[in-house]
Amino acid sequence: MSRWMRSVADTGRSVWPLLARWWRAGVPSLLVRWWRASVPSLLARWWRAGVPSLLARWWRASVQTARLAIGIPDYDNYVDHMRRHHPALVPMTRDEFFHERMLARYGKGRSRCC
């Protein structure tokens, strides 16, 4: 068992003397050197691997989920769907789409329970 494990496992002793020993031994400078050497290359690898596009897709999906949760339909998804699955049909304009969605949601002047 390492000294760290013994120090932390022993409930009668504080962890502060151990941290002071680490500080005097130069552990913070080792961490800074590791950070400066590793993080830029790691970020470059993430960039090349497509993490920004992954984050952008995640953001778009989150926005779409939030909009659907509060009842705002997504016109861009509708247009994409129409182009992919119904190429012969002309998609509605944005105003027509929102008008139709609001009528479908709230009905034509009547109040519904479910």
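Refer to the structure printed above.
Procedures and definitions
- Residues numbered from 1 in each chain as written.
- Predicted model: local features only at pLDDT ≥ 70, side-chain atom pairs only at ≥ 80, totals over all residues.
- Heavy atoms only, no water.
- Helix = DSSP H or I, 4+ residues; strand = E, 2+ residues; numbered from the N terminus.
- Expected span 1.5 Å × (residues − 1).
- Salt bridge = Lys/Arg side-chain N within 4 Å of Asp/Glu carboxyl O.
- Buried < 20%, exposed > 50% of the residue type's maximum accessible area, 1.4 Å probe, protein only.

**Observations concerning helix α6 (residues 94-106)**
Thinking step 1. Here α6 contains 13 residues, and its C-alpha end-to-end distance of 18 Å stays within 8% of the 18 Å for a straight helix at 1.5 Å per residue.
Thinking step 2. Where α6 ends, the next residue or the one after it, Gly107, has phi of about 80 degrees, a positive value.

**Regarding the pattern of salt bridges**
Thinking step 1. Scanning the entire structure with this criterion turns up two salt bridges.
Thinking step 2. Note that Asp76 and Arg94 form a salt bridge whose closest N and O atoms lie 3.6 Å from each other. Of this pair, Asp76 sits in helix α5 (residues 75-85) while Arg94 sits in helix α6; the two residues are 18 residues apart in sequence, bridging distant segments of the chain.
Thinking step 3. With a relative accessible area of 46%, Asp76 lands in the partly exposed category.

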